Amino acid sequence: MLSVSDLSVSYGKVTALDGVDLDVPSGETIGVIGPNGAGKSTLVDTIGGFLDYEGSITYRGLEVSETDTPTLIENGLFYCTERRDLFGQMSVEQNLRLGSYLNDEGEDERLEEVFDLFPRLEERRSQEAESLSGGEQQMLSLGRGLMSDPEFLVLDEPSIGLAPVVLDDISEALTSIQELDVTILLCEQNLTFALEHADRLTLLENGTVQRSGTTAELQSDELVESYIGG
Amino acid sequence: MTQVDLEPRYVVGIVCFIGLISAPFLLPILTLRQLTAALFLGMFAMSWDYVSGYTGQLSFGHSMFFGIGGYTAAVLNLELGLTPVLAILVGTIAAGIAGLAVGFPALRLEGPYLALITLIAPLVLVQIVNIFPGTLGGDAGLPSPAGLVSVDEPIGILSTIGFETVFVHETIVYYYLALALFLAIYALFYVFTRSYVGSIFTAIHEDEDAVRSVGINAAKFKVFAFTMSGTVGGLAGAAFVHTAGEPNPGEILSIVVSIEVVLVSILGGMGTITGPAAAGIVYYFVRDALQTSSLTIPVLDATVGHISMALFFAIALLVLFFLPKGALPWVTEWSRDILERRSQRSESPS
């Protein structure tokens, strides 16, 4: 579904990604793990179409650099950023509905599905997004992604800054999303969370791929353990 | 009997509406003429708020739209003899095109760069007015074009209810025309800003990158906002010169007009439509009262009229200091507090 080949990204003279290769087959969840500064967020920002790059990123045959964000979304790709990118002064419902801007057919049904998945969002549907807790904001960000009826979700650190109890809710919701056959690229620093959800893992360090394999293969990899401290 | 528990702000709104409808019966005729002009300033302020208050694209030269509408309509009427209705229509379209032209830089420019473009445009227009004094009247402006409607004879129904003279009848007709336009524009903006489009405008105001991340073409909406704002600003300007004002730079085009509309909208409450509309009307009377005051300020040895703008800006700064969000949001919060206290009182056991 997504193929990254020999990808390099630089911020001025600083190289953030160097020759990265990655394949995300349809229906799978691929985890990208690595320490701070490894280039994980740069990778997903580039896949989301926000950064210039050298090499190739093709999503369903479309070269990302030549495709605008609306077209990517119309083709089923939705990127939930680490910043969450919520509209703080707008209500939960308004935020969710903006997610289906390019695909409003069945919007009300999807809204109900999102509320089924995150009942707390339904309780707060008229509340301003900025007044939500961190966990609820993460739910809203994921919910807004689901409102676009995605086939491929790119998630950047969905577990970041969340209390264990809230993390359980997010994890449960992610499992439900996976059951819908949505392909997921999960960028995570939390190895436990990544191991729980990913079919395959890629370990990044200093902008290069250090390891790549199935979750079972990498679970006991010394390098993976040493980087993540697991 | 059912008791309707309206929020105080709605009560204020209803009272204002009734007051506006019955103004010809309540106000002296000269004050009614002032109110007619004030309504146009309210419309102009709404047009600024639509683009700047909602999308956050600050326009510091909004007088260009008011001016283009006004000058185009006046010149077409005076030079080519177009009927006022047709002249207003063309003036409105011209201002809409100007809005489109200013909106296009918004595809590439943001923040201060875009604000600078909007600031420069009316300065260029003022120069153009001065370069062609024969056609555009230069600094002194053009003579008044023909009135929107001609009231040459007394109107029967107005005479019956006690209004005398053609002058009074004409004033009343112009007032109701201005009021109808004001209410129509208010309704239009109110509906738009509370619709899905309004949500997207608010989203653009909050975080343009986030808007892009959900696949919304923010630039398209910004161009749309500028075009619609320019069209309405132009309509206000064109109708103004054919009813209550004169086509001269000081009234419809100068940079002071641009600053006034920004200040009025901020004082009223940016992003509310109602606030700038009301503040526009109030400001017109405050400005007029200050300008015509012959009261001497002892230490400065100057009349209030001489330093009216400085006084107004000082008052505005004070208001902004104490009500940084503007008057309407403050009234709204105050109104909610009252309701909350009232409901707490009714819930507490007696």
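Rules and cut-offs
Residues numbered from 1 in each chain as written. Chains lettered and ligands numbered in written order. Predicted model: local features only at pLDDT ≥ 70, side-chain atom pairs only at ≥ 80, totals over all residues. Helix = DSSP H or I, 4+ residues; strand = E, 2+ residues; numbered from the N terminus. Rg over C-alpha atoms; globule rule 2.2 N^0.38 Å. Buried ≥ 20, exposed ≤ 12 C-beta atoms within 10 Å, placed from the backbone. Contact = placed C-beta atoms within 7 Å. Pairing = 2+ DSSP bridges. Axes fitted to C-alpha atoms, helices over the stretch in contact; angles between N-to-C directions. UniProt positions renumbered as here; feature names shortened; annotations may be inferred. Expected span 1.5 Å × (residues − 1). Core = buried A, V, L, I, M, F, W, Y, C linked by C-beta atoms within 7 Å.

Enquirer: Explain the overall build of chain A to me, and be specific about the residues and the numbers.
Expert: Within chain A one finds 10 helices and 10 strands. Over its C-alpha trace chain A gives a radius of gyration of 17 Å, about what one expects of a compact globule, namely 17 Å for 230 residues. Dimensions of chain A along its principal axes, counting C-alpha atoms only, are 45 × 40 × 30 Å. By the burial criterion, 47% of the 230 residues in chain A qualify as buried.

Enquirer: Account for the overall build of chain B, with residues named and values stated.
Expert: For chain B, the helix and strand inventory stands at 17 helices and 2 strands. Taking 2.2 N^0.38 as the reference for a compact globule, 350 residues should give roughly 20 Å; the C-alpha atoms of chain B span a radius of gyration of 21 Å, in line with that estimate. Relative to its 350 residues, chain B shows a buried fraction of 43%. Put simply, 76% of the contacts in chain B that link residues at least 6 apart link residues at least 24 apart.

Enquirer: Tell me about the pairing of strand β10 (residues 208-214) of chain A, and name the residues and values.
Expert: Residues and elements named next belong to chain A. Pairing analysis gives 6 bridges linking strand β9 (residues 200-205) to β10, with the strands arranged antiparallel. Paired with L201 across the bridge in β10 is G213. Hairpin connection from β9 to β10: 2 residues lie between these consecutive antiparallel strands, with N206 at a positive phi of about 50°.

Enquirer: Got a sec to walk through the interface of chain A and chain B? Specific residues and values, please.
Expert: Listed by partner, the interface residues are 16 residues for chain A and 13 residues for chain B. Of all the secondary structure elements, the ones that give two or more residues to the side of chain A that touches chain B are α2 (69-74) and α3 (92-99) of chain A.

Enquirer: An account of the sheet that holds strand β2 (residues 14-24) of chain A is needed here, citing residue identities and associated values.
Expert: All names here are of chain A. One open sheet accounts for 4 strands, arranged β2-β1-β4-β5; its pairing is antiparallel. Only two strands of the sheet have a single partner each, and these edge strands are β2 and β5 (62-63). The pairing of strand β1 (residues 2-11) with strand β4 (residues 54-59) spans 5 bridges and is antiparallel. Paired with S8 across the bridge in β4 is E54.

Enquirer: Explain the sheet that holds strand β6 (residues 77-80) of chain A to me, using residue names and the numbers behind them.
Expert: Consider a sheet: its strands pair through backbone hydrogen bonds, and that pairing is either parallel or antiparallel. Residues and elements named next belong to chain A. In space, the 6 strands of this open sheet follow the order β6-β7-β8-β3-β9-β10, with mixed pairing throughout. Two strands lie at the open edges of the sheet, namely β6 and β10, each paired on one side alone. Averaged over neighbouring strand pairs, the angle between their axes works out to 15° when direction is ignored. Each of β3 (29-33), β6, β7 (152-156), β8 (183-188) and β9 touches helix α1 (residues 40-47); the most contacted strand, β8, lies at about 150° to it.

Enquirer: So, the UniProt feature "transmembrane region" (unreviewed entry) in chain B: which residues are in play, and what are the values?
Expert: All names here are of chain B. Per the UniProt annotation, the sites labelled "transmembrane region" (unreviewed entry) are residues 12-29, 58-78, 84-106, 113-132, 173-192, 221-241, 261-286 and 298-323. The span residues 84-106 carries 87% helix and 0% strand; its end-to-end C-alpha distance comes to 33 Å. Between the end C-alpha atoms of residues 173-192 there is a gap of 29 Å, over a span that is 100% helix and 0% strand.

Enquirer: How would you summarise helix α12 (residues 218-241) of chain B if you had to cite specific residues and measurements?
Expert: Its 24 residues give α12 of chain B an end-to-end C-alpha distance of 35 Å, which sits within 8% of 34 Å, the value for a rise of 1.5 Å per residue. The element α12 of chain B is largely enclosed, with a buried count of 21 among its 24 residues.

Enquirer: If you had to explain the nonpolar core to someone new, which residues and values would you point to?
Expert: The biggest cluster of nonpolar side chains holds 151 residues, and the ones touching the most others in it are L185 of chain A together with F40 and M43 of chain B. Sort the elements by how many residues they give to this core and helix α3 (residues 29-55) of chain B lands first, with 14 residues. Setting aside residues up to four positions removed in sequence, L185 of chain A forms contacts with L2, V24, I30, V32, V44, I47 and V154 of chain A.

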